[in-house]
Amino acid sequence: MLWRVRNRLGFGLRPMEAESLVLFVFLCYLSSRFAGAYDPLDPNGDIKIKWDFLNINNSSFTYTVMVSIHNDQLYRHIEQPGWRLSWSWPGAEVIWSATGAEATEQGDCSNVTAAVPPHCCERRPVIVDMSPGTPYNKQVANCCRGGVLSSLTQNNATSAAAFQMTVGLFKYEKDEDGKKVGPERPFNFDLGVPGYTCSNASYVAPTRTKVDKHRHIQVLLTLQATCSYSQLRESTAPPCCVSLSTFYDSTIVACPHCSCGCAGDPSSPQCLSGSDMPKAPALPNGEDGEPAAPIVRCTDHMCPIRVHWHVKVNYRAYWRVKVTISNYNLVKNYSDWNLVLQHPNLRSLTQLFSFNYQPLIVYGPTNDTGMFWGIRYYNEMLLQDGNVQTEMILEKDPSDFTFSGGWAFPRRVYFDGHECVMPPPDKYPSLPGGAVATRPSLVAGACLLLLSVLVLV
């Protein structure tokens, strides 16, 4: 059958070749679907882990290293419970001391003879950030924020974290000629944040720091690993969805059915209905620093977050949109949340209320993607079972503005770095009576054509 079908289509493939082609196409589809580390909205975004060797003592086989984590992503941040950095040692290394962070387990140090036992003897240590308020003698610069990292756009001053540690019992790594390169490299780095995978560490140019107008200092050696994010690696189910409405259509286009799961499905979040809502626990903490499992309000979409886009008013030269973000997660507050919207008219954003805004991607005249986030001490935290909202006024561009064909709705929506599920285009609100809002340029062309016909008659 496969042979006959392919021949009718003109491919001229043998059965074995046809089956191989189908398998190849299927594998290509899978690879494109699950290799989601590249982000077109932030093509250079990643998280870098650096080990800056400050001192190496060959007599005691110890070294002091400053470990730093740099979030170089434009709109993704690391929220509570924060990063949990881990790696594997290549040999019998131990951590003698740590400042600005701590290992979650000391491990078995019975084989180490010392007056003061090491801070950690685990073969795979897990390091967590210290909390705010840590005594100053236990701090280093950029430490002690509970593992939280801001995105570059929201606050680049808090987008990095650091801690210092002294490592002992190391061995040297040698090149092909037997020359010492540096201490043996740790491997299998992991941020401890869902969705991120890290590369192996490699030696790069030593980090240089400017100390005054004329002088730079640099460390002895620098190791670097890079971590990239993929939403598909984090979860197969998206955590947010989008609903739409307009002033010219009374229909509210809800989030697609089962956008984030279906009620009663074992893989879906636990949900509570109206009568059970008071039974929701008060912001529980996950075990061993893991995020608490979401408990959401029972809805048709089952998403913890819903973003609603409402086309509110049509003025002569402007139009007005209201955006509401609702938190249906009954056990989580979203601190330092952010929203990324993609719409061609964002380049003409004239006025915004209650949110901060910054263009995210600008390529020449193209400026269609913007990032929005809350105002400090006002609405920077999206509370459990609460919402935040804004209104924006956009100037109409006569060359492309229209209400027809779903043009007034966003192309993509991201909440806290996660792409949200959009309704299908054929469900978008329609103009009354099936009318079509034609672009002014097309109207002008039609009028000129009609005028020329009248003149000829």
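Anything mentioned here points back to the structure above.
Residues numbered from 1 in each chain as written. Predicted model: local features only at pLDDT ≥ 70, side-chain atom pairs only at ≥ 80, totals over all residues. Heavy atoms only, no water.

Visitor: Could you give an account of the overall build of the chain, with specific residues and numbers?
Guide: When helices and strands are counted, the chain shows five helices and 30 strands. In the chain, the share of contacts with a sequence separation of at least 24, taken over all contacts with a separation of at least 6, comes to 69%. (Helix = DSSP H or I, 4+ residues; strand = E, 2+ residues; numbered from the N terminus. Contact = heavy atoms within 4.5 Å.)

Visitor: Hey, could you go over the sheet that holds strand β16 (residues 240-246) for me, with residue numbers and the actual values?
Guide: Pairing is mixed across the open sheet formed by six strands, whose spatial order is β17-β16-β20-β21-β28-β24. Since the sheet does not close on itself, it has two edges, and those belong to β17 (249-253) and β24 (349-352), each with one partner. For this sheet, the mean inter-axis angle between neighbouring strands, taken without regard to orientation, is 20°. Inspection of the sheet shows β16 paired to β17 by two bridges, in the antiparallel sense. Paired with Leu244 across the bridge in β17 is Val253. (Pairing = 2+ DSSP bridges. Axes fitted to C-alpha atoms, helices over the stretch in contact; angles between N-to-C directions.)

Visitor: An account of the state of the cysteines is needed here, citing residue identities and associated values.
Guide: This structure, assessed with the given rule, holds eight disulfides. Between the sulfur atoms of Cys241 and its disulfide mate Cys255 the distance is 2.1 Å. Its torsion about the S-S bond being 80°, the disulfide of Cys241 and Cys255 is classed as right-handed. On the criterion of sequence distance, the pair formed by Cys241 in strand β16 and Cys255 in the loop between β17 and β18 (270-272) is long-range, its members being 14 residues apart. For the pair shown, Cys241 and Cys255 are each scored as buried. Paired through a disulfide, Cys271 and Cys298 show a sulfur-sulfur distance of 2.1 Å. The S-S bond linking Cys271 to Cys298 shows a torsion near 85°; that makes this disulfide right-handed. Taken together, the residues Cys271 in strand β18 and Cys298 in the loop between β19 (295-297) and β20 (305-314) connect sequence positions 27 residues apart. Classification of Cys271 as partly exposed rests on a relative accessible area of 21%. (Disulfide = S-S within 2.5 Å. Buried < 20%, exposed > 50% of the residue type's maximum accessible area, 1.4 Å probe, protein only.)

Visitor: An account of the nonpolar core is needed here, citing residue identities and associated values.
Guide: Counting 36 residues, the largest nonpolar core has Trp309, Trp319, Ile325, Trp337, Leu339, Met392 and Phe415 as its most contacted members. Looking at this core, the elements that each hand over two or more residues are β16, β20, β21 (318-327), β23 (338-342), β28 (387-395) and β29 (412-415). Residues Ile127, Ala161, Phe163 and Ala201 belong to the second largest nonpolar core, which totals 33 residues. (Core = buried A, V, L, I, M, F, W, Y, C linked by side-chain atoms within 4.5 Å.)

Visitor: Tell me what's going on with the pattern of salt bridges, and back it up with residues and numbers.
Guide: On inspection of all chains with the given rule, the structure shows 13 salt bridges. Across the pair Glu419 and Arg412 runs a salt bridge whose closest N-O atoms are separated by 3.9 Å. Judged by its relative accessible area of 32%, Glu419 is partly exposed. Arg412 sits in the partly exposed class, given a relative accessible area of 30%. Each of Asp46, Lys48 and Asp72 takes part in one network of salt bridges that share partners. (Salt bridge = Lys/Arg side-chain N within 4 Å of Asp/Glu carboxyl O.)

Visitor: So, the packing of aromatic side chains: which residues are in play, and what are the values?
Guide: Overall, the coordinates contain 24 aromatic pairs when judged by the stated rule. Considering the side-chain rings of Trp87 and Trp89, the 5.6 Å spacing of their centres and the 85° angle between planes classify their relative orientation as edge-to-face. Taken individually, Trp87 and Trp89 each receive the classification buried, so the pair is uniform in this respect. A ring pair is formed by Phe170 and Tyr172, whose centres lie 5.3 Å apart and whose planes are at 75°; its orientation type is edge-to-face. Given the relative accessible area of 4%, Phe170 is considered buried. Site record: aromatic cluster; members linked through ring pairs are Phe247, Tyr248, Trp319, Phe401, Phe403 and Trp407. Over the face of the ring belonging to Tyr377 we find Arg376, whose NZ or CZ atom lies 5.5 Å from the ring centre. (Phe/Tyr/Trp six-rings, centres within 6.5 Å; stacked < 30°, edge-to-face > 60°. Lys NZ or Arg CZ within 6 Å of the ring centre and 35° of its normal.)

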